[in-house]
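Chain residues, written in single-letter form:
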Amino acid sequence: MTQQTLSKFNWRQKHSLKTRVTLLTLVIFLTSIWSLVLYADRTLKRDIHDLLGNQQYLTASVLAAEVNHEIENALHALNRVAVNIRPEMMTDGNALQVSLERQPLLQDRFNAGAFVVDMNGVAIASVPSSAGRVGVSYEDRDYIRQVFSSGKPFVGRPVIGRRLNTPILGLGVPIFDSDKKVIGVLASIVNLSESNALIALHKTYLNKDERFLIVDTRNRLIVQASEENRTMELLPPEGVNVPLDRFIRGFEGTMVFTNPLNEEVLASVKSIPVAGWYAAIVLPSRIAFAPIRNLERNILLAAFLFTLIAGCLTWWVLGRQLAPLQRVAARLAMSRDVNQTELKLSYGRDDEIGQLIEAFNGLLADLANRQKLLQESTELHRVAFRTSPDAVTITRLSDGCYLDVNDGFTKLFGWTRDEVVGIPSIKLGIWHDLKDRTSFMEQLRLTGRCESFETTFIEKNGRLIPAIVSGNTIELNGELCLLAVTHDISMRKAALIEIQELSYTDTMTGLPNRKFFDRQFKLSVSDSVAKNELCALVYIDLDNFKSLNESFGHDKGDLLLKKVARRIKEVVGVDDIAMRIGGDKFLILLQHLSGEQELATTQAQSIGDKVLTVLSQPYYLSGLEHFTTCSLGITLFGNQDERASEALNRAELAMYQAKSAGRNTYRFYDRRMQLEVSARATMESNLREALRNNQFILHYQPQVDEFGQIVGLESLIRWSSPQYGMVPPADFILLAEETGLILPIGIWALEEACLQLVQWSSIPSRAHLTIAVNVSASQFNQVDFVPMVMDTIHRTGAKPHNLKLEITESVLINQAESVIEKMKLLKGIGVQFSLDDFGTGFSSLSYLKRMPLDQLKIDQSFIRDILVDRNDEAIARTVIELGKTLGFSVIAEGVETQAQRNALFALGCVLYQGYLFSRPLPIDELEGYLAAKHSP
């Protein structure tokens with residue numbers, strides 16, 4: 001019994017039934033009351049949420065409709081003016097100016113004026129003329145660009161005006177010629193901070209504590225708000241606040257969520273379709289649900305009072321009901337010495353207590369029948385002794401003579417009862433090993449019993465019987481005897497032997513398995529050392545087996561494995577053993593080879609050639625004709641003692657060498673393989689140590705324009721290793737990618753570059769510089785790559801537009817759509833992208849034109865011979881023209897001579913990187929280089 005169970009039992013003994021029932025009643029009552037309280041609380045909150053939500057959503061709908069109507073009217077007003085601007089007026093600025101000034105609608109509706117731009121985005125007329133807009137280029141304004149590109153009216157992004165230094169909103173409508181071709185844009189500016197702004201928000205719609213927001217969903221920007229300090233506030237990026245993201249994606253309705261100010265609010269949202277905005281009415285939750293707080297307190301007080309009353313009533317009622325039972329218990333305590341058959345209680349009431357007393361009287365009657373039942377039980381035990389299927393015997397301990405045996409004994413051992421009764425077991429010769437009898441009797445002497453003792457007996461005709469015997473000492477007629485039960489385990493032993501054999505066999509192919517190999521290897525080594533012979537291990541791995549399973553199903557794969565096993569068995573000799581050690585991997589153990597290594601190698605080669613030949617023949621898999629090959633690794637052993645795992649590892653290494661050599665071949669183990677593996681493992685261990693001990697540093701190579709001015713830098717990682725010195729990336733990046741270490745190394749490089757950007761941001765001569773960071777395909781394909789980059793930028797405080805991520809064409813080999821989507825997300829916050837080593841890989845132009853790139857990088861392999869190789873020149877020219885066509889800048893890397901720079905300039909390339917300008921520099925040397933460049 002556990003300590004916990006004992007403590008519960010003691011508690012029940014220390015407390016009366018009255019106390020326990022009272023407590024149980026209170027628990028049930030409290031559970032019911034508090035369940036009701038919680039249910040009422042949740043119901044009230046839900047009802048208030050629905051009521052307030054409906055009110056708020058109606059207010060938000062009215063507000064959204066008004067804003068939508070105001071903006072639509074503004075666009076209609078601009079359209080009415082635009083249709084009156086004739087094409088010839090676009091070439092006569094004075095006439096156009098006069099025409100605009102005759103439109104009082106413009107100045108009445110648009111408090112910051114209006115203006116007309118030509119196809120170059122330059123203002124040619126403006127009202128009021130005092131605004132000074134004529135001659136100014138507005139080509140970079142989104143409400144100008146979008147109208148030119150789409151030919152439709154557009155509501156721009158609210159911004160802080162450079163002249164007014166207040167929030168403004170730009171609107172633009174197209175001006176068409178007679179052929180409906182856009183020849184200009186009529187734009188207007190609305191000062192959102194003035195009382196007569198285009199968007200006249202009316203607080204009369206709102207309750208006392210409600211607040212409103214107008215949000216530009218395209219730019220995640222607050223256009224207007226009840227709190228004036230939140231106007232033009234940028235909302236958190238996507239992924240930070242999930243409910244907010246739902247509003248921005250178009251959800252309309254009401255929900256409770258935590259806003260960007262970390263305040264829980266009840267918010268109702270309605271979209272403003274003409275501008276891509278939404279209107280929101282919010283109410284703090286602490287105010288929204290305040291009405292139910294007093295009710296909650298009253299419910300809690302009532303629950304406490306009801307609990308107190310229920311406890312008192314339960315205690316009083318139980319005291320009255322249990323009083324008779326307590327009196328009966330006292331009488332029973334006084335009657336302990338009375339004969340049980342004479343003790344009979346009476347009670348005048350027919351309730352539960354009366355029933356309990358009647359049950360006690362019935363128990364007394366049952367005791368009177370116990371003696372009779374005991375006698376009957378003795379007879380039943382005698383019958384059980386006779387009919388038990390096991391061999392049951394009773395022997396006298398003093399001399400070991402059999403006193404009685406059952407039918408199970410006679411069936412198992414072959415002797416009749418008369419042949420054994422009175423004969424000692426030793427004389428009968430039933431024990432196969434008398435030492436077992438001595439051990440059995442010794443244990444019986446010490447403890448009085450012995451259970452499940454395994455031994456071997458001999459039946460009458462001499463057959464050995466494996467059995468389990470259990471015995472207990474008993475006393476019969478004053479003598480100490482032994483009651484023994486013997487169970488035949490012959491069938492169990494045979495089953496165990498069969499199971500053991502099966503454990504050494506591969507169930508699919510019938511070949512010996514890996515467990516068998518471990519056992520057999522020891523025997524083969526011992527035998528070969530004794531006979532001065534060699535053995536060989538042939539490691540077989542099927543080529544491209546996984547593709548068969550994935551293409552045609554595992555049933556075809558299993559059928560292939562069976563056929564391969566059958567062919568391997570046909571190849572091996574009488575003394576050789578074919579095995580399957582898992583998956584598509586097989587072994588052949590070649591035994592009794594020559595003791596001379598060269599001859600043994602030749603013998604193993606012969607088997608290897610046969611295996612390659614027979615396994616490369618076509619297979620017919622239930623109607624499917626299939627071709628496959630295999631790769632073999634072979635190693636010799638047997639001239640010294642060694643472990644099975646060592647030989648197996650050598651053969652596996654050799655097999656991987658065969659894979660690397662093109663497959664469908666074999667390779668013998670060479671010590672150099674192990675050295676290469678060890679060197680690789682050492683390098684990997686040192687790489688992990690480099691990460692822990694911050695041994696990586698960044699060097700920076702300047703990127704210059706046609707005037708020699710530095711416009712950016714590429715960060716290049718170096719490893720300052722205590723063992724190897726300064727290690728260039730070519731010596732460790734490939735290993736880092738293969739081992740997955742490129743992921744933490746890449747994160748470190750990105751963070752270091754961002755920290756450097758932050759340091760330069762306060763230096764005017766360097767604040768414009770960009771830093772390019774190389775990103776591997778494995779990094780880019782990580783699910784959390786975009787959040788990781790965003791988090792790094794946020795933590796370090798770097799400006800996204802100064803960060804450039806360099807990717808290679810290899811990232812597009814898999815999941816091109818996912819890559820483009822990730823690039824767009826990062827591009828949305830300002831991060832730039834450069835396609836590195838362009839032209840050396842494979843890029844589909846259909847993907848290239850969709851990628852939000854900023855720059856193409858001509859690989860240095862095309863620059864090296866650009867002066868003497870016309871093909872390299874043609875490739876460089878094509879990349880430059882392609883970049884211009886797609887709107888990308890083009891930079892050439894590996895520029896080492898002035899002649900190469902001049903040739904690239906002649907082809908139209910104006911950005912360069914290479915040793916002609918500077919080698920990659922550590923940060924301290926780079927600072928001096930930059931200072932010298934900017935010195936007068």
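Residues numbered from 1 in each chain as written. Predicted model: local features only at pLDDT ≥ 70, side-chain atom pairs only at ≥ 80, totals over all residues. Heavy atoms only, no water.

Undergrad: If you had to explain the overall build of the protein to someone new, which residues and values would you point to?
TA: The secondary structure content of the protein amounts to 30 helices and 33 strands. Looking at the protein as a whole, 43% of its 936 residues qualify as buried. Intrachain contacts of the protein at a sequence separation of at least 6 include 58% that bridge at least 24 residues. About 50500 Å² of surface is accessible on the protein, with carbon and sulfur atoms providing 54% of the total. (Helix = DSSP H or I, 4+ residues; strand = E, 2+ residues; numbered from the N terminus. Buried < 20%, exposed > 50% of the residue type's maximum accessible area, 1.4 Å probe, protein only. Contact = heavy atoms within 4.5 Å. Areas by Shrake-Rupley, 256 points an atom, 1.4 Å probe, with all protein chains shown as cover.)

Undergrad: A description of helix α3 (residues 93-101) should follow, citing residues and the corresponding values.
TA: Every α-helix carries 3.6 residues per turn, so stepping three or four residues along brings you back to the same face. Those residues of α3 not exposed but buried are L96, Q97, S99 and L100. Buried residues of α3, seen end-on, are gathered within an arc of 160° and therefore sit on one face of the element. (Arc of directions from axis to C-beta.)

Undergrad: Could you give me a rundown of the sheet that holds strand β22 (residues 630-637), with the residues and numbers involved?
TA: With mixed pairing, the five strands of this open sheet are ordered in space as β18-β19-β17-β22-β23. What marks the edges here is a single partner per strand, and that holds for β18 (577-582) and β23 (666-668). In this sheet, adjacent strand axes meet at a mean angle of 20° when their direction is disregarded. Relative to β22, strand β17 (residues 534-542) runs antiparallel, the two sharing eight bridges. Residue pairing in the sheet places L537 in a bridge with T635 of β22. Contacting β17, β18 and β19 (585-593), helix α17 (residues 554-571) crosses the sheet at an angle of about 10° to β19. The strands touched by helix α19 (residues 644-660) within the sheet are β17, β18, β19, β22 and β23, with β22 carrying the most contacts at an inclination of about 145°. (Pairing = 2+ DSSP bridges. Axes fitted to C-alpha atoms, helices over the stretch in contact; angles between N-to-C directions.)

Undergrad: Can you lay out the packing of α17 against helix α18 (residues 597-615) for me, pointing to particular residues and giving the numbers?
TA: Where α17 contacts α18, the two axes come as close as 10 Å, and the packing angle between them is 145°. Helix-helix and strand crossings are classified by hand; for α17 and α18 the assignment is right-handed. In this structure, α17 uses V564, R567, I568 and V571 to contact α18, whose residues at the interface are I607, K610, V611, V614 and L615. Partitioning the contact of α17 with α18 into residue classes produces seven nonpolar, no polar and two charged. (Left-handed = near helix turned anticlockwise from the far one by under 90°. Nonpolar A, V, L, I, M, F, W, Y, C, P; charged D, E, K, R; others polar.)

Undergrad: Tell me about the sheet that holds strand β9 (residues 253-258), and name the residues and values.
TA: Within the open sheet, the five strands sit side by side as β8-β7-β11-β10-β9. Their pairing is antiparallel. Of all strands in the sheet, those with a lone pairing partner are β8 (221-225) and β9, marking the two edges. The sheet shows a mean angle of 30° between the axes of neighbouring strands, direction not considered. Bridge count between strand β10 (residues 264-272) and strand β11 (residues 277-284): eight bridges; the pairing is antiparallel. Counterpart to L266 in the pairing with β11 is L283.

Undergrad: Could you give an account of the packing of aromatic side chains, naming the residues involved and the relevant values?
TA: With the rule as written, the count across this model stands at 22 aromatic pairs. Arranged with centres 4.8 Å apart and planes meeting at 35°, the rings of F409 and F413 form a pair that is tilted. One end of the pair is F409 and the other is F413, both in helix α10 (residues 407-413) and four residues apart, which spans about a single turn. Between Y700 and W760 the ring centres are 6.3 Å apart and the planes differ by 55°, which places this aromatic pair in the tilted class. Of the two residues, Y700 sits in strand β24 (residues 696-705) while W760 sits in helix α22 (residues 742-760), which places them 60 residues apart along the sequence. For the residue pair Y700 and W760, the accessibility class agrees, reading buried in each case. Across the ring face of Y669, the terminal group of R650 is positioned such that the distance to the ring centre comes to 5.8 Å. (Phe/Tyr/Trp six-rings, centres within 6.5 Å; stacked < 30°, edge-to-face > 60°. Lys NZ or Arg CZ within 6 Å of the ring centre and 35° of its normal.)

Undergrad: Describe in detail the environment of I168, supporting the description with residues and values.
TA: As for its position among the elements, I168 is in strand β5 (residues 167-176). Not counting residues within four places of it along the chain, the set of residues in contact with I168 comprises R157, P158, V159, G161, I189, V190, N191 and L192.

Undergrad: Can you lay out the pattern of salt bridges for me, pointing to particular residues and giving the numbers?
TA: Summed over the entire model, instances satisfying the criterion amount to 35 salt bridges. D791 is paired through a salt bridge with R795; the nearest N and O atoms lie 2.8 Å apart. Taken as a pair, D791 and R795 lie in helix α24 (residues 785-796) at a separation of four residues, close to a single helical turn. In this structure R795 comes out as partly exposed when scored by relative accessible area, which is 45%. K827 serves as the salt-bridge partner of D854, at 2.3 Å between the closest nitrogen and oxygen. (Salt bridge = Lys/Arg side-chain N within 4 Å of Asp/Glu carboxyl O.)

Undergrad: Provide a residue-level description of unusual backbone geometry, including the pertinent values.
TA: The linkage connecting V127 with the following residue, P128, adopts the cis geometry, with an omega of -5°. Relative to the assigned elements, P128 resides in the loop between β2 (123-127) and α5 (142-150). For N544, which is not glycine, the phi dihedral falls at a positive 60°. With respect to the helices, strands and loops of the structure, N544 is situated in the loop between β17 and α16 (545-552).

Undergrad: Which residues make up helix α28 (residues 870-886), and what are the values?
TA: End to end, α28 covers 24 Å across 17 residues, agreeing with the expected 24 Å (1.5 Å per residue, within 8%). Of the residues making up α28, those classed as buried are D872, A876, V879, I880 and G883. Each buried residue of α28 sits inside an arc of 95° when the element is viewed along its axis, so together they form one side. Turned more than 90 degrees off the buried face of α28, the exposed positions are R870, N871, T878 and T885. In this structure, the buried side of α28 is in contact with β29 (832-838), β30 (855-858), α27 (860-863), β31 (889-893) and α29 (898-906). Its side-chain oxygen at 2.8 Å from the backbone nitrogen of N871, D869 defines the N-terminal cap of α28. G887, located one to two residues past α28, shows a positive phi value of around 80°. (Expected span 1.5 Å × (residues − 1). Polar contact = N/O pair within 3.5 Å; in protein donor to acceptor, adjacent residues only side chain to side chain.)

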